[in-house]
Amino acid sequence: RQTSKQTTAKMVREIVGLSAGQCGNQMGEAFWGLASQEHGLDSAGKYTGDKDDQLDKIGVFYKETSDSSYTPRTVNFDLEPGVIDKIKSGPLKDLYAPTSFVHAQSGAGN
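Residues numbered from 1 in each chain as written. Predicted model: local features only at pLDDT ≥ 70, side-chain atom pairs only at ≥ 80, totals over all residues. Heavy atoms only, no water.

**Some points on the overall build of the protein chain**
Step number 1: Broken down by element type, the protein chain carries 2 helices and 5 strands.
Step number 2: Helices and strands appear in the protein chain in the N-to-C order β-α-β-β-β-α-β.
Step number 3: In the protein chain, which comprises 110 residues, the share counted as buried stands at 32%.
Step number 4: When contacts within the protein chain are restricted to residue pairs at least 6 apart in sequence, those whose partners lie at least 24 apart make up 60%.
Step number 5: Carbon together with sulfur atoms contributes 52% to the accessible area of the protein chain, which is approximately 7,800 Å² in total. (Helix = DSSP H or I, 4+ residues; strand = E, 2+ residues; numbered from the N terminus. Buried < 20%, exposed > 50% of the residue type's maximum accessible area, 1.4 Å probe, protein only. Contact = heavy atoms within 4.5 Å. Areas by Shrake-Rupley, 256 points an atom, 1.4 Å probe, with all protein chains shown as cover.)

**Structural notes on the environment of D94**
Step number 1: Topologically, D94 is positioned in the loop between α2 (82–89) and β5 (101–103).
Step number 2: The class for D94 is partly exposed, based on a relative accessible area of 49%.
Step number 3: Residues D94 and G45 lie 49 residues apart in sequence; the distance between their C-alpha atoms is 7.4 Å.
Step number 4: Contacts of D94, omitting those with residues within four sequence positions, involve S43 and A44.

**Here's the deal with the packing of aromatic side chains**
Aromatic rings considered in pairs are described by the distance between their centres and by the relative angle of their planes.
Step number 1: Using the criterion set out here, one finds 5 aromatic pairs in the structure.
Step number 2: Seen from their ring centres, F31 and W32 are 4.9 Å apart, and the 80° between their planes marks the pair as edge-to-face.
Step number 3: Of the residues examined, F31 reaches a relative accessible area of 40% and is grouped as partly exposed.
Step number 4: An aromatic cluster of three or more residues is present, and its members are F31, W32, F61 and Y62. (Phe/Tyr/Trp six-rings, centres within 6.5 Å; stacked < 30°, edge-to-face > 60°.)

**Topic: a nonpolar patch on the surface**
Step number 1: Taken together, the side chains of V16, L18, F77 and V102 present a nonpolar region at the surface, about 380 Å² in accessible area.
Step number 2: The residue V16 is located in the segment before β1 (17–20) in this model.
Step number 3: By relative accessible area, which is 55% here, V16 ends up exposed. (Patch = residues over 30% accessible without salt bridge, like charges linked within 9 Å, V, L, I, M, F, W, Y side chains within 5 Å. Salt bridge = Lys/Arg side-chain N within 4 Å of Asp/Glu carboxyl O.)

**Here we look at the pattern of salt bridges**
Step number 1: Scanning the model with the defined rule gives 2 salt bridges in all.
Step number 2: When the shortest N-O distance is used, the salt bridge between E14 and R73 registers 3.6 Å. Placement of the pair is E14 in the segment before β1 and R73 in the loop between β3 (70–72) and β4 (74–78), with a sequence separation of 59 residues.
Step number 3: The class of E14 is partly exposed, set by a relative accessible area of 48%.

This is how it looks when you write it as structure tokens:
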């Protein structure tokens, strides 16, 4: 009788958010604001929480940076730069990595 050794693979749990267009980017900004509050992060991605479970599984949605802050795993894109420029200058401007944003030139939309 042959026996087999069963191995269990551990799934990597990382989610990347994609925000497209005006509505998608506005909803994405709202989502990351709420998710940051739930995980005890301030608007720059620094942990300011007071509960140990706030950092539990934070790596699913956020990447830890070299300065021990957290940035969302997201790509925000649009044909027009207006909404993305608003996010880049808004209250969460320091939360996102600069490479999170992709847009075409102004006037590229329909």
